[in-house]
Each structure stands twice: as structure tokens, then as C-alpha cells.
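# Observations on the three-dimensional arrangement
One-letter residues, chain by chain:
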Amino acid sequence: MATLRFISVGTLKEDYLRQAVSEYEKRLSGFCRVEQINIKEEKLPSDPSDGEIRRALAEEAKAILAAMPDKSYKIALCVEGQQFSSPALAEKIEAAFGLANELCFVIGSSHGLDDSVKNVADLKLSVSKLTFPHQLMRPILLESVYRCLNIIKGTKYHK
């Protein structure tokens, strides 16, 4: 059975977001194994310098890279990534499962991802040109992937 691994920096603070993630994990489990890995977000001052942010991202990257199996297909969420329609992303995911038995989706901190993570990614993905609160990205990503798996299977979930 294939595995979807979601690696996220930081924790979800709001109960309703944790409930949404739990619901989509349950739905996704009908298609494949689902793993959630939470990486501790590095502490920064309230008004961090660019250097402090770079150092924090580099530290977070060490843990992210350690959590990604070498033979997995790696998808990094980043603003400079490609955008897809749901059917087009479903095609990418289906093709990725043909290359690897495990897909890793990586969500960085509110400051993004270190280049070392982006450089190993097989796909850089941007969910939207809109800006969303960092906390919302996890449930948005899980729903998007769930929708894609339904498209691949030909169910009526996607309209």
C-alpha cells in the first residue's frame, strides 16, 4: 500500500483545524497509509532579522530532510512553485506514485522553507496565488490531495 507523508513545521493551535486534519486523514486512509510528522518550529524574536530567519529555516531543514525517505517523491509547498488545477495535480500525483511508493508533502514554517529542502524536491507546489494563514495550509493541502485521489479513482467527490 502506498504512503502519503505530510511533514509540517509547527503545530496546529486551533481545535477546529486539528479536527479538519483528522477528518481528512481518516478519509485519505481509505486510499493509502497516511503519516503526519510535525517538526518543531524554531523560536524567533518578534521582529527577526533576515539572518535570524535564514538560521531558523536551516535548522528546521535538518529535521525535514531527516524525515524524508531518500526514495520518496518529494513535494515542497512554496510560493514560487507550480500551480495546478485539481485534475492536473491528480495526474501529477498518479505519475508520482508510478515512480515511488511514498509521497512526501512538506509545509514549512510561516517563513517558508530553506533552499536545501526546495532543492531536493521533485516538485515545488504552490496551492494558490492567494496568501493563506500558515495554520490553514495543512487542512487545505489534505483536502486537495483527497480530492486528487478521488479524481484518480473516478469517484463523484470532485465536481
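That block above? That's the structure.
What comes next is a walk through the structure.

Analysis parameters
Residues numbered from 1 in each chain as written. Predicted model: local features only at pLDDT ≥ 70, side-chain atom pairs only at ≥ 80, totals over all residues. Heavy atoms only, no water. Buried < 20%, exposed > 50% of the residue type's maximum accessible area, 1.4 Å probe, protein only. Helix = DSSP H or I, 4+ residues; strand = E, 2+ residues; numbered from the N terminus. Right-handed = clockwise from strand over helix to strand, strands pointing away. Pairing = 2+ DSSP bridges. Salt bridge = Lys/Arg side-chain N within 4 Å of Asp/Glu carboxyl O. Phe/Tyr/Trp six-rings, centres within 6.5 Å; stacked < 30°, edge-to-face > 60°. Contact = heavy atoms within 4.5 Å. Polar contact = N/O pair within 3.5 Å; in protein donor to acceptor, adjacent residues only side chain to side chain. Axes fitted to C-alpha atoms, helices over the stretch in contact; angles between N-to-C directions. Parallel < 35°, antiparallel > 145°, perpendicular 65-115°, else oblique. Left-handed = near helix turned anticlockwise from the far one by under 90°. Nonpolar A, V, L, I, M, F, W, Y, C, P; charged D, E, K, R; others polar. 1 Å grid on protein atoms, 1.4 Å probe; cavity = no way out; pocket = protein on both sides within 12 Å on 5 of 7 lines; lining within 4 Å. Points joined across faces, edges and corners; volume = space filled by probe spheres on them.

### A word on the pairing of strand β1 (residues 3-9)
As a general feature of sheets, a regular strand has side chains that alternate between the two faces. The buried count for β1 comes to seven of seven residues, which makes it a mostly enclosed element. Of the two faces of β1, the one holding T3, R5, I7 and V9 and the one holding L4, F6 and S8 are both buried throughout. Handedness of the crossover is the feature at issue here: the chain leaves β1, passes through helix α1 (residues 15-28), returns alongside strand β2 (residues 33-39), and the resulting connection is right-handed. With six bridges connecting them, β1 and strand β4 (residues 102-107) associate as parallel partners. By the bridge assignment, T3 is partnered in β4 with E102.

### A short note on the pattern of salt bridges
Counted by the stated rule, this structure contains eight salt bridges. Linking K62 and E59 is a salt bridge whose minimum nitrogen-to-oxygen distance equals 2.9 Å. Here K62 and its partner E59 are both found in helix α2 (residues 50-67), three residues apart, which amounts to about one turn of the helix. The class of K62 is exposed, set by a relative accessible area of 55%. Taken together, the shared-partner salt bridges in this structure form one network comprising R5, E35 and E102.

### Details of the packing of aromatic side chains
Tallying each qualifying case throughout the model produces four aromatic pairs. Ring centres of F6 and F105 lie 5.2 Å apart, and the angle between their planes is 15 degrees; on these two criteria the pair is classed as stacked. Highlighted residues: F6 in strand β1 and F105 in strand β4, separated in sequence by 99 residues. Ring geometry for F31 versus Y146: centroids 5.9 Å apart, planes at 70 degrees, classification edge-to-face. Here F31, found in the loop between α1 and β2, pairs with Y146, found in helix α5 (residues 137-153); they are 115 residues apart in sequence, far enough to count as distant. On the accessibility criterion, Y146 (11% relative accessible area) is buried.

### A short note on the environment of E102
Looking at the secondary structure, you find E102 in strand β4. Note on E102: relative accessible area 15%, which makes it buried. For the pair formed by E102 and L4, sequence separation is 98 residues and the distance between their alpha carbons is 5.8 Å. In contact with E102, not counting residues within four places along its chain, are T3, R5, P69, S72 and Y73. A distance of 2.8 Å separates a polar atom in the side chain of E102 from a polar atom in the side chain of R5.

### Digging into the packing of α1 against α5
It is at 9 Å that the axes of α1 and α5 come closest, and there the two elements cross at 20 degrees. Comparing the axis directions of α1 and α5 gives the class roughly parallel. α5 is crossed by α1, and the crossing has left-handed handedness. Listed contacts from α5 to L17, A20, V21, Y24, R27 and L28 of α1 are R138, P139, L142, E143, V145, Y146 and L149. A per-class count over the contact of α1 with α5 returns 10 nonpolar, no polar and three charged.

### Here we look at empty space enclosed by the protein
All chains considered together, the criterion is met by one cavity of 30 Å³ or more. Taken as a whole, the largest cavity holds about 60 Å³ of empty space. Lining the largest cavity we find S8, V9, G10, T11, L12, I107, H134, Q135, M137 and R138. For the lining of the largest cavity, the per-class residue count stands at four nonpolar, five polar and one charged.

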